[in-house]
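# What the coordinates show
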Amino acid sequence: ERVVGDVVRSLLPVLDDIERADKHGDLVEGAPITLIATKLRAVTERLGLVTYGAVGDAFDPNQHEALLQQPTADVTAPTVLEVVEPGYMLGSSQVRPAKVIVATPE
């Protein structure tokens, strides 16, 4: 699991680039980069890599790295407002915490 973790960590920048391309609409059906992204995601899933961190999640300092806090009237507890980079788990081990912007009560 440790060796797989080291390999997966080296792939995180590539996965981040794929995630950004997907958010910007650059991964269109049939494009070569889309096929590569799909294959890479499938390989990391087979290795057991799981993505976490979503808008609306309760902020957990053990799973999230707060990059910024924003006072918000709509929340009563610290909540993930935006995910800058997703977090990753490999089995029971955290590979990287999710980097997030946190909505805090006013």
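In this text the structure is predicted, and so the values were computed from the model without any measurement.

### Digging into the sheet that holds strand S4 (residues 87-90)
Taken together, three strands build an open sheet; the order of strands is S1-S4-S5 and the sheet is antiparallel. At either end of the open sheet lies a strand with only one pairing partner, and these are strand S1 (49-52) and strand S5 (93-96). Direction aside, neighbouring strands of the sheet carry axes that sit 35° apart on average. In this sheet, S4 lies alongside S1 in antiparallel orientation, the contact comprising four bridges. When the bridges of S4 are listed, Thr51 appears paired with Tyr88.

### As for the confidence of the model for the protein
Of all residues in the protein, 100% have pLDDT values of 70 or greater, and the mean over the chain is 94. Mean pLDDT across the elements of the protein bottoms out in helix H1 (residues 2-23) (92) and peaks in strand S6 (residues 98-105) (97).

### Digging into the pattern of salt bridges
Taken as a whole, this structure holds seven salt bridges when the rule is applied. Arg41 is the partner of Asp22 in a salt bridge, and the nearest nitrogen-oxygen pair spans 3.5 Å. Taken together, the residues span a long stretch of sequence, with Asp22 in helix H1 and Arg41 in helix H2 (residues 32-46) at a distance of 19 residues. One network of salt bridges, with partners in common, ties together Asp16, Glu85, Arg96 and Lys99.

### Brief notes about the nonpolar core
Residues Val8, Leu12, Leu15, Ile18, Ala21, Leu27, Ala37, Leu40, Leu49, Tyr88, Leu90 and Val95 constitute the largest nonpolar core, which totals 12 residues. Mapped onto this core, the elements with two or more residues apiece are H1, H2 and S4. The element best represented in this core is H1, accounting for five residues. In contact with Ile18, other than residues within four places in its own chain, are Leu27, Ala37, Leu40 and Arg41. In this structure, Tyr52, Val80, Val83 and Val102 belong to the second largest nonpolar core, which totals six residues.

### Some thoughts on the pairing of S6
On a regular strand, each side chain points to the face opposite its neighbour's, so the side chains alternate between the two faces of the sheet. Among the eight residues of S6, six are classified as buried, and the element is accordingly described as predominantly covered. Looking at chain direction, strand S2 (residues 64-72) and S6 are connected through eight bridges and run parallel. Each bridged residue has a counterpart across the sheet, and for Gln70 the counterpart in S6 is Ala103. Pairing analysis gives five bridges linking strand S3 (residues 79-85) to S6, with the strands arranged antiparallel. The residue of S6 that forms the bridge with Glu85 is Lys99.

### Considerations on H2
Between its first and last C-alpha atoms H2 spans 21 Å; for 15 residues at 1.5 Å apiece the expected length is 21 Å, and the two agree. Of the positions making up H2, those classed as buried are Thr34, Ala37, Leu40 and Thr44. Looking straight down H2, one finds that the buried residues subtend no more than 130° of arc, so they occupy a single side. Exposed residues on H2 whose side chains face more than 90 degrees from its buried face are Pro32, Lys39 and Arg46. Considering only its buried residues, H2 is in contact with H1 and S1. One or two steps after H2, the chain reaches Gly48, where phi turns positive at roughly 100°.

Calculation criteria
Residues numbered from 1 in each chain as written. Predicted model: local features only at pLDDT ≥ 70, side-chain atom pairs only at ≥ 80, totals over all residues. Heavy atoms only, no water. Pairing = 2+ DSSP bridges. Helix = DSSP H or I, 4+ residues; strand = E, 2+ residues; numbered from the N terminus. Axes fitted to C-alpha atoms, helices over the stretch in contact; angles between N-to-C directions. pLDDT = per-residue confidence, 0-100. Salt bridge = Lys/Arg side-chain N within 4 Å of Asp/Glu carboxyl O. Core = buried A, V, L, I, M, F, W, Y, C linked by side-chain atoms within 4.5 Å. Buried < 20%, exposed > 50% of the residue type's maximum accessible area, 1.4 Å probe, protein only. Contact = heavy atoms within 4.5 Å. Expected span 1.5 Å × (residues − 1). Arc of directions from axis to C-beta.

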